[in-house]
Structures are given as structure tokens and as C-alpha cells.
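Structural features, examined
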Protein chains: 2
Amino acid sequence: MVTIKDVAKLSGVSPSTVSRVIADNPRITEETKKKVRKAMKQLGYHPNISARNLVAKSTKAIGVIMPSSANTALQNPFFPEVLRGIGSVIHEARYSLSLSTGETDDEICEEVKRMVFGRYVDGIILLYSRLNDRVTNFLREQDFPFVIVGKPYENESETTYVDNDNLKAGKEITKCLIDKGHEKIAFIGGSSDLIVTKDRQDGYIEALKEAGLEENDSYKIHTEFLKSGGREAVEYLLSLKEKPTGLVVSDDLISLGVISRLEESGYSIPDDLSLVSFNNVYLSEITRPPLTTVDIQIYELGAQSAKALIEKTVNKGEPAKRIIIPHKIVYRDSV
Amino acid sequence: MVTIKDVAKLSGVSPSTVSRVIADNPRITEETKKKVRKAMKQLGYHPNISARNLVAKSTKAIGVIMPSSANTALQNPFFPEVLRGIGSVIHEARYSLSLSTGETDDEICEEVKRMVFGRYVDGIILLYSRLNDRVTNFLREQDFPFVIVGKPYENESETTYVDNDNLKAGKEITKCLIDKGHEKIAFIGGSSDLIVTKDRQDGYIEALKEAGLEENDSYKIHTEFLKSGGREAVEYLLSLKEKPTGLVVSDDLISLGVISRLEESGYSIPDDLSLVSFNNVYLSEITRPPLTTVDIQIYELGAQSAKALIEKTVNKGEPAKRIIIPHKIVYRDSV
DNA sequence: CTGTTAGCGCATTCAA
DNA sequence: TTGAATGCGCTAACAG
């Protein structure tokens, strides 16, 4: 392995000078810099990151934690897309990205501890937010830099997070249905532990209230992201005496299952039933019918979270921030 | 920061003894081990990974390189699923997983160099394989441990890779169509640079030949994974005087676009046209109709690649291996 | 079975 | 503007 010493020897300077050239220290002559750089190139020198990390007490690496994947949640195109957003700013900052590999909550928790205690990473991005999450609590305890994509369950004002205004979005998208004359509108959401589910549902409820529509508990359904999730929800809904005519679904992926099951039973969308949804994943454009859905700018969610985290790691003491990514409704044919 | 020295002091032994306890060296008394462990717990000690990496000359980290994401390829549920597979064995081996963040070929290439030269990782998994890939060539030049998910373009026998028998799979799935009496069968594939596209298409061609069916160049279409990819392909196909009655599509995601566009034009599947596909991504179950597709065991592809790579990194000199993951056809309703 | 010593490759004082 | 010395936290060889 070619080290800083070899470069020093070849270029006739001291190791510390080489180190300074690497850091592009302005107190080094352009001339010697040139000389040293030539030697580096000649020897094919590249700094050893572990050595550097050791002394710098920083790894310039960010940990990204995905939710537990017992379910197929991960298959949600949401994740590749946030990852792209995160990746773009991480890449530009010359950081590296360490992805969680655990599948269960236990594994993930253990892994986060390794990341934190072993100083694998300078900060962590959480790609989910839910009630009483061990990981979140741990990170807070340790006072370790992290940001949440989504809204924290508690300590909102002391936590940096990047989110949409899901309440408002839920309200707006529900209004789309109401404006079309729908009065029996159901909500189908993901796990009720997820903050995002709650927010969107609250928006849905508010919209109903404002319109003076009756709020019906049997119209609020929580299900899995699994393929069968949307299907089960539909089966339940169809079993009701009073069937809804409008559906607010909190995730495009669930919508897929919903539509599929609905058409199986002979219901056609939007003729028999209208449906609106969230996320504007690329799929929502391909489906039949294409989905009217809330574009939450997934990429941007990722990018901003990475940006905020990096700021936070370089500049400890950075205050907690709340970053709201604007959404917009994309009108297509499911209403 | 609490270091090995602090633990040593508190437990009244030397730093090296502590180090040995960490490594669970059998030449240390159970008694002292207990003592030392107690001190570690008491102080909340955790080894610093950078320091360890520095002396061990290994990071126990694996780099995973995704294809350039100029297109929406990444949104393909294939990737989360391989990542899950990779993650599972990486996690079990207590390795960590560094994900590429670059979007363009240039960025990716630069990033791989950083990973390799900076010794960020012990080995690399390539999640794609295509003609004349710079990254692959670089890795070979450097004689850096890597494995490909897919079949290498060249130096097949000297490269470790994990793949399906895509030729055979292509043949079998095409036969499904032929056996049903289809004679005009088209192939819609992804980029022709991708080895996987070529293999599957070759299988398709072989099947045609064996059945004595005419092979028609205007029936071989290459398109993007983009949403519009499948659509364009269909438009072209519909413009032909002699329209096919069967479609072999090399990716479930493309199939989605194909079906959507097809039904838009009033063609119904499988009544007017039959379609078979590849990957058995969860989507293929949700679509209408559910897809008859080749299950390529994506998770397993990932897991095996990680396993092979780790073996390779711990045991340099490990010979190149070819690992073929069996596929099976999942019969659903698109035929 | 355990302690002493040295050194991994680098960045950073402090001198010069 | 540069060099010499020191130490980051850890492991491993060598003693004992």
C-alpha cells in the first residue's frame, strides 16, 4: 500500500506537507503542491479513509434506516425514490451512504447501536416515523444527530424532520371527492402506528366535518401495504350495507390492490366509485385508470433530509428544523 | 470518548488484554473476561471501528452499486428486493452495506474508485451487467473483489457472478405461448446493452426456432423501463400490418405499461393477446390480469451474491464461481 | 495467561 | 512556508 510517506519521499518533502497538500492548505506553495501532486499521481496514491477517520473523529458517512421489512413495505417505490434524493446530496457532499440491513425491529435497533457506538456514521436518517419507536428514542438519548423523514411522534420541536403537510393534503384531496358530490367517503390507510397515516386521516376527517358530512368509523380502515392489504379493505367495504362511493387511500400501492379487487367485483372506476390517493409514485400513471393523487415530492423529501442532516453533523449546535415539502394534487382519471 | 485504555484502567488489566477480551480470545481466563466485560458495560465502552479498520486493513463493509438512474430503472421493485437479500446475509455476517449514490455513469465510476482506493469497502456487488462497463473493467484491473448480479459481458470464467439461466427461462416462457397455439410472438425487452435482455431474447429466439416458427426482426423491440417504455412498444406493435398475438416481455414493470396501453386501445388480455413476463415482482400479482411470469427469486439472487462476495473477501484466492439461481414459471391469468 | 512495545496511516500541534 | 513530533484507538508480535 502506498502511503503518505512514500509520496513524501518521492517528492522530497515531509509527510505533513503531503497531508497539507491533500487538504489543499493555502499555506503551501503552488510549486510544492504541484510537485507533490505529481508524485501522488505517479505512485497512484489515495488516502486511507480509516486512518483519516480515526484522527478526524468523523466518517463523513450517513446511515439510512429503512422500516422493518417483515412486510413488503420496502417494495414500495417510495423507498428507491427517497434514496435517490438522499443519494444526490450525499454524493455531492462526497459523503457515503450506509444502508440498514436489518429486517426485524430488533435487528434494526441493534444495527443502529452499532452505527452509533462504533462511529460508523456521523448522522442518521430515519425513513419512517411511528409511535414509540425504540430507534428514535435511542437516538435522542444518545443525542446523536438524526433527521426523520416524516413527522416525529413526540418532541416535535426538538427534532429535525422533513415532511409534507399531510393534514392539509388529506383535507384537499378529500375535498376533491366532496366537490364532485360524493357524500359517502371512506378512508383506507396503512398501519395506524405510522404518523403519516394518522395525519392524512385527520385531514380526511376535517374535510368531512367542514362539509358537514357524517363521519363514520366503519369507513376508516387500516391495512397492510401488502398486496392483499388493499384487497382485504375492499372486501370489508363491500360487505357494508351502506357502501361508500368515494375512497381516500393513503398510498398509491394500496390503491393498486384496491382497484384490482374492486374491478374483480365488477365495480368500475371512476364510474361506480371514485378513488384518490397519495404519493404519486410512477405506478399511479400506469394504472388503469391513472390515479388522481397527491404528489408529495418524494425525491425532494430525501434530498432535504440529507441536506439538513449534513448541516447538522458539520455544525453541531444547529437548531432543530422543520422542513415542509409542498405537495400538489395531480389530477388524473380515477375521480 | 471512552477507549480501550479506560476499560483497562478500571478493570486493572492492560489494554491488550481488553482487546483480547473483545476478540473473545480463548487464552484469557473466564474470570478476567468477566471482570473486563463488567468494566466495559459500566463505562459504556464500544470499540471504535475506524481504529480497528486501520490496523485490520479491512472494513467489513460491502459496496453495492446500482445502475445509473437517469431513467426510472431504480423504481423497479427488483432493487429493493435484491437489497433485502443482500442485506440479510450482510447483516448476519455483521458487515455493513455501503450503497452507491451516483446517478450518472461518471458519478458512479468516480464513486467506485473512491470506495476502492479509499478502502471504504472490502468488496463490491454490481447490480447490473452490461456491455463494456467501465466500472467492471476498473474492478478487474484493480483485481478488487467483486461479484455481479447477472452475467458478465466478458471474462465469464474469471468472474464470480450470480444469475438465472435466463436463456432457458426465456425459452420456457416462450414455449408457454407456443403451446397455446400462438405463432406470432413478439419480444419486448429493456435496453439491448443489458446482458439480461440479450439472454432472455436469445431464449425466445431459440424457442421459436425449435417450434419452426418464423423469426421476425420487427418483433424484437427494445425499450426503456420508463413508464412510457411499454407504451411506446405497444404503439409500434399496433402499427404493424401483421400484429402479434403473443408477447414475451422481459420485465414485469414494462408489462404494466404494455397492458395499460393495450387495454386503452381496446385489446383485452388474455382474450385478444397473451402476455408472459419476467421477475415475478409483487406487482405481477396485483395487475389485471395477474401476470404469468418467471419467478427469478430476486431475494435469493441478492443473498447468494453477498454470500459469495464475503467468502471472497475473507478468503482471497477463492476461485471465481458461477452461481445459477433456479427459476420457475408462475402461471396466472395473462395467457 | 497477561503485559510491553510497536505501528497501522493520517492530521495537527509546535518549532523553525 | 515547511518539518519533527505526537497521538487518534486499536491489534499483534514478542516477552515473560
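Residues numbered from 1 in each chain as written. Chains lettered and ligands numbered in written order. Predicted model: local features only at pLDDT ≥ 70, side-chain atom pairs only at ≥ 80, totals over all residues. Heavy atoms only, no water.

You'll find chain A entered in an unreviewed UniProt entry as Transcriptional regulator, LacI family, with Ornithinibacillus halophilus given as the organism.

A few words now on the domain arrangement of chain A. Residues and elements named next belong to chain A. The domain architecture assigned to chain A consists of domain 1 (4-38), domain 2 (51-164 + 299-326) and domain 3 (166-295). Measuring from the centre of the C-alpha atoms in domain 2 to the corresponding centre in domain 3 gives 30 Å. Residue-level contacts link 14 residues of domain 2 with 15 residues of domain 3. Summed over both sides, the interface of domain 2 with domain 3 buries roughly 1,200 Å², with 57% coming from carbon and sulfur. In this structure, the connection of domain 2 to domain 3 is made through one salt bridge. With a closest N to O distance of 3.2 Å, Lys151 and Asp199 form a salt bridge. Across the side of domain 2 that touches domain 3, the residue classes tally to six nonpolar, five polar and three charged. (Domains from an automatic or database assignment. Contact = heavy atoms within 4.5 Å. Buried area = accessible area lost by both parts, 1.4 Å probe. Salt bridge = Lys/Arg side-chain N within 4 Å of Asp/Glu carboxyl O. Nonpolar A, V, L, I, M, F, W, Y, C, P; charged D, E, K, R; others polar.)

Next up on the list: the interface of chain B and chain A. Tallying the contact residues gives 52 residues for chain B and 52 residues for chain A. When the two sides are added together, the surface that chain B and chain A hide from each other amounts to roughly 5,100 Å², 57% of it contributed by carbon and sulfur. When the buried area of chain B at its contact with chain A is split by residue, Gln75, Tyr282 and Arg288 of chain B rank highest and sum to 15% of it. Where chain B meets chain A, there are six salt bridges.

A few words on the protein's contact with DNA strand D. Taken together, the neighbourhood of DNA strand D is formed by 25 residues, with Thr17, Arg20 and Thr29 of chain A together with Ile4 and Tyr45 of chain B sitting nearest. Within 4 Å of the protein, the contacting atoms of DNA strand D are 68% sugar and phosphate, with bases supplying the remainder. Measuring from a sugar or linking oxygen of DNA strand D, one finds a backbone N or O atom of Arg27 of chain A at 3.4 Å. In this structure, Thr32 of chain A approaches DNA strand D through a side-chain N or O atom, which is 3.2 Å from a phosphate oxygen. Going through the elements one at a time, helix H2 (15-22) and helix H4 (49-56) of chain A together with helix H2 (15-22) and helix H4 (49-56) of chain B are the ones with two or more residues in the surface near DNA strand D. Tallying contributions element by element places H4 of chain B first for the surface near DNA strand D, with four residues. (Near = heavy atom within 4 Å. Polar contact = N/O pair within 3.5 Å; in protein donor to acceptor, adjacent residues only side chain to side chain. Helix = DSSP H or I, 4+ residues; strand = E, 2+ residues; numbered from the N terminus.)

What follows is about empty space enclosed by the protein. In total, this model carries twelve cavities of 30 Å³ or more according to the counting rule given. Space inside the largest cavity adds up to approximately 300 Å³. Taken together, 21 residues make up the lining of the largest cavity; nearest its centre are Ala61 and Tyr120 of chain A together with Ala61, Ser96 and Tyr120 of chain B. Every element with two or more residues in the lining of the largest cavity is listed here: H4 and strand S2 (96-99) of chain A together with H4 and strand S2 (96-99) of chain B. Of the residues belonging to the lining of the largest cavity, the class tally is ten nonpolar, ten polar and one charged. Lining of the second largest cavity is provided by 13 residues; of these, Leu256 and Thr287 of chain A together with Leu256, Thr287 and Arg288 of chain B occupy positions nearest its centre. Elements with a contribution of two residues or more to the lining of the second largest cavity: helix H11 (252-264) and helix H12 (283-286) of chain A together with helix H11 (252-264) and helix H12 (283-286) of chain B. (1 Å grid on protein atoms, 1.4 Å probe; cavity = no way out; pocket = protein on both sides within 12 Å on 5 of 7 lines; lining within 4 Å. Points joined across faces, edges and corners; volume = space filled by probe spheres on them.)

Copy one and copy two of the chain differ by a rotation about a common axis and a shift along it. For the match of chain B to chain A, the screw axis carries a shift of 0.0 Å, the RMSD comes to 0.1 Å, and the turn is 180°. The superposition operator between the copies reduces to a two-fold rotation axis. Mapped onto chain A, 100% of the interface residues of chain B again fall at the interface, so both copies present the same surface. (Least-squares fit on C-alpha atoms with pLDDT ≥ 70 in both.)

Moving on to the pairing of strand S8 (residues 246-249) of chain B. Residues and elements named next belong to chain B. Alternating positions in S8 separate into two faces, Gly246 and Val248 on one and Leu247 and Val249 on the other, with burial throughout. The pairing of S8 with strand S9 (residues 274-279) spans three bridges and is parallel. Opposite Gly246, over in S9, you have Ser274 as the bridge partner. Between the parallel pair S8 and S9, the chain is carried across by H11, and the sense of this crossover is right-handed. (Buried < 20%, exposed > 50% of the residue type's maximum accessible area, 1.4 Å probe, protein only. Pairing = 2+ DSSP bridges. Right-handed = clockwise from strand over helix to strand, strands pointing away.)

Residue and element names in this part refer to chain A. All chains considered together, the criterion is met by 46 salt bridges over all chains. Note that Asp295 is salt-bridged to Lys328, the shortest N-O span being 3.9 Å. Here Asp295 is found in strand S10 (residues 292-295), whereas its partner Lys328 is found in strand S12 (residues 328-330), with 33 residues between them in sequence. Each member of the salt-bridge network shares a partner with another, and the members are Asp24, Glu30, Lys33 and Arg37.

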